[in-house]
Amino acid sequence: LALFIPIRWSFPGIGAFQCYDKYMMAMLGTAATKAGKSEWSQPPTNAGSYNSNPSNAPFFQDGQQNNYASDYGKFFLSWYSNALIQHGSDVLRAVRTALHGSGGNSAPAMLTKVAGVHWWYKTNSHPAEATAGYYNTNGANAYQNIANMLAKQGDTEFSFTCMEMRDSEQSSSAACGPEELVAQTMAAAMSANVPYGGENALPRYDTTAYSRIEDVARAAENQYVLQMYRLRVPVVG
């Protein structure tokens, strides 16, 4: 009789790639073959586990063989992220069809919640984002790619979090960057002309957090973005 002990993630673990079922493995194999690199048909074997730090996950370290910046790493991270974006597009399309039918003229307004993975943001490899499917390194802009997909769907809001967070309040040992992350996602939505909504990530009842939300709202150049914030958190002054 074997005892199964589940592995539970805890902050600030980098997480783990979710692509080991037979369907994802088949998709990866097909993509590798199409790229003329059949040897790339497997996920990274050096990416650590749920609670690893970048320091003990060679895939996310600079200068390592077959790391995130290698040809293989770029291929895998791009494939992995594109699979997530395609899934999001398929889900949004299915929801619209279910609610209004394929020929409906009045598609429902929807929002897509994007996770605020702010830990390890200030590292080159952005490992926690990468394992979540957000390819935000090697010159790639994960959030612009998501915003562009939402723009093609139409009438879909980019909904984000971390609005109350300040870098100075986070663990310096986890290279957190919630302020920069919020700015990047907002810029991506505005560039794609997609409505952007925000909310706090954690329960906060203090003026420090509230003032941060106000600062983010006021920094928005697009008035529609500002209105979206006001629907969630009243902005005074």
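Residues numbered from 1 in each chain as written. Predicted model: local features only at pLDDT ≥ 70, side-chain atom pairs only at ≥ 80, totals over all residues. Heavy atoms only, no water.

**Here's the deal with the pattern of salt bridges**
Item 1. The full count for this structure, using the stated rule, is seven salt bridges.
Item 2. In this structure, the salt-bridge partner of Glu 214 is Arg 218, at a minimum N-O distance of 4.0 Å. Of this pair, Glu 214 and Arg 218 both sit in helix α6 (residues 207–219), four residues apart, which is roughly one turn of the helix.
Item 3. By relative accessible area, Glu 214 is classed as buried at 11%. (Salt bridge = Lys/Arg side-chain N within 4 Å of Asp/Glu carboxyl O. Helix = DSSP H or I, 4+ residues; strand = E, 2+ residues; numbered from the N terminus. Buried < 20%, exposed > 50% of the residue type's maximum accessible area, 1.4 Å probe, protein only.)

**Some remarks on the nonpolar core**
Item 1. Phe 17, Phe 76, Tyr 143 and Phe 158 are the most contacted members of the largest nonpolar core, which totals 57 residues.
Item 2. Sorting the residues of this core by element identifies α1 (22–34), α2 (71–100), α3 (127–132), α4 (142–153), β2 (156–160), α5 (178–191) and α6 as the ones contributing at least two each.
Item 3. Ranked by residue count, the leading element in this core is α2, at nine residues.
Item 4. Sequence-distant contacts of Tyr 143, that is, excluding residues within four places in its chain, are made with Val 114, Glu 129, Tyr 134, Asn 136, Phe 158, Leu 181, Gln 184, Thr 185 and Ala 188. (Core = buried A, V, L, I, M, F, W, Y, C linked by side-chain atoms within 4.5 Å. Contact = heavy atoms within 4.5 Å.)

**A look at unusual backbone geometry**
Item 1. Across the junction of Phe 11 and Pro 12, the peptide omega takes the value 5 degrees, indicating a cis bond.
Item 2. Positive phi outside glycine occurs at His 126, with the angle close to 50 degrees.
Item 3. Its place among the elements puts His 126 in the loop between β1 (110–113) and α3.
Item 4. Of the residues examined, His 126 reaches a relative accessible area of 10% and is grouped as buried.

**Brief notes about the packing of α4 against α5**
Item 1. One can describe the packing of α4 onto α5 by two numbers: an axis separation of 8 Å at closest approach and a directional angle of 35 degrees. Relative to α5, the crossing made by α4 is right-handed. Between α4 and α5, the residues in contact are Tyr 143, Gln 144 and Ala 147 and Leu 181, Gln 184, Thr 185, Ala 187, Ala 188, Ala 189 and Ser 191, respectively.
Item 2. In the contact of α4 with α5, the residues fall into six nonpolar, four polar and no charged. (Axes fitted to C-alpha atoms, helices over the stretch in contact; angles between N-to-C directions. Left-handed = near helix turned anticlockwise from the far one by under 90°. Nonpolar A, V, L, I, M, F, W, Y, C, P; charged D, E, K, R; others polar.)

**Section: the sheet that holds β1**
Paired through backbone hydrogen bonds, the strands of a sheet run either parallel or antiparallel to each other.
Item 1. Read from one edge of the open sheet, three strands run β1-β2-β3, paired in parallel fashion. Because the sheet does not close on itself, it has two edges, and the strands there are β1 and β3 (196–198). In this sheet, adjacent strand axes meet at a mean angle of 35 degrees when their direction is disregarded.
Item 2. Pairing analysis gives four bridges linking β1 to β2, with the strands arranged parallel. Pairing of Leu 111 across the sheet is with Glu 157, part of β2.
Item 3. Relative to β1, α2 is tilted by about 155 degrees, and along the sheet it contacts β1 and β2.
Item 4. Taken strand by strand, α4 contacts β1 and β2, and its axis lies near 150 degrees from that of β2. (Pairing = 2+ DSSP bridges.)

**Regarding the pairing of β2**
Item 1. The buried fraction of β2 is high, at five of five residues.
Item 2. Burial along β2 is two-sided: Thr 156, Phe 158 and Phe 160 facing one way and Glu 157 and Ser 159 facing the other are all buried.
Item 3. As defined by bridge partners, β2 adjoins β3 across three bridges and the pair is classed as parallel. For Ser 159, the partnering residue across the bridge sits in β3 and is Gly 197.

**A few points about the environment of Pro 43**
Item 1. Positionally, Pro 43 belongs in the loop between α1 and α2.
Item 2. For Pro 43, a relative accessible area of 5% translates into the label buried.
Item 3. C-alpha of Pro 43 to C-alpha of Tyr 20: the two residues are 23 residues apart in sequence and 7.9 Å apart in space.
Item 4. Other than its neighbours up to four places away in sequence, Pro 43 contacts Cys 19, Tyr 20, Met 25, Leu 28, Tyr 72 and Phe 76.

**As for the packing of aromatic side chains**
Item 1. Taken as a whole and judged by the stated rule, the model has 17 aromatic pairs.
Item 2. Pairing Phe 17 with Phe 59 gives two aromatic rings, centres 6.0 Å apart and planes at 85 degrees, and the pair type is edge-to-face. Here Phe 17, found in the segment before α1, pairs with Phe 59, found in the loop between α1 and α2; they are 42 residues apart in sequence, far enough to count as distant.
Item 3. On the basis of relative accessible area, Phe 59 is assigned to the buried category, the value being 0%.
Item 4. Between Phe 17 and Tyr 80, the aromatic rings sit 5.0 Å apart at their centres with planes inclined by 85 degrees, giving edge-to-face as the arrangement. Of the two residues, Phe 17 is situated in the segment before α1 and Tyr 80 in helix α2; the sequence distance between them amounts to 63 residues. In terms of burial, Phe 17 and Tyr 80 fall into one category: buried.
Item 5. Ring pairs connect the aromatic residues Phe 17, Trp 40, Phe 59, Phe 60, Tyr 72, Phe 75, Phe 76, Trp 79 and Tyr 80, which therefore count as one cluster. (Phe/Tyr/Trp six-rings, centres within 6.5 Å; stacked < 30°, edge-to-face > 60°.)

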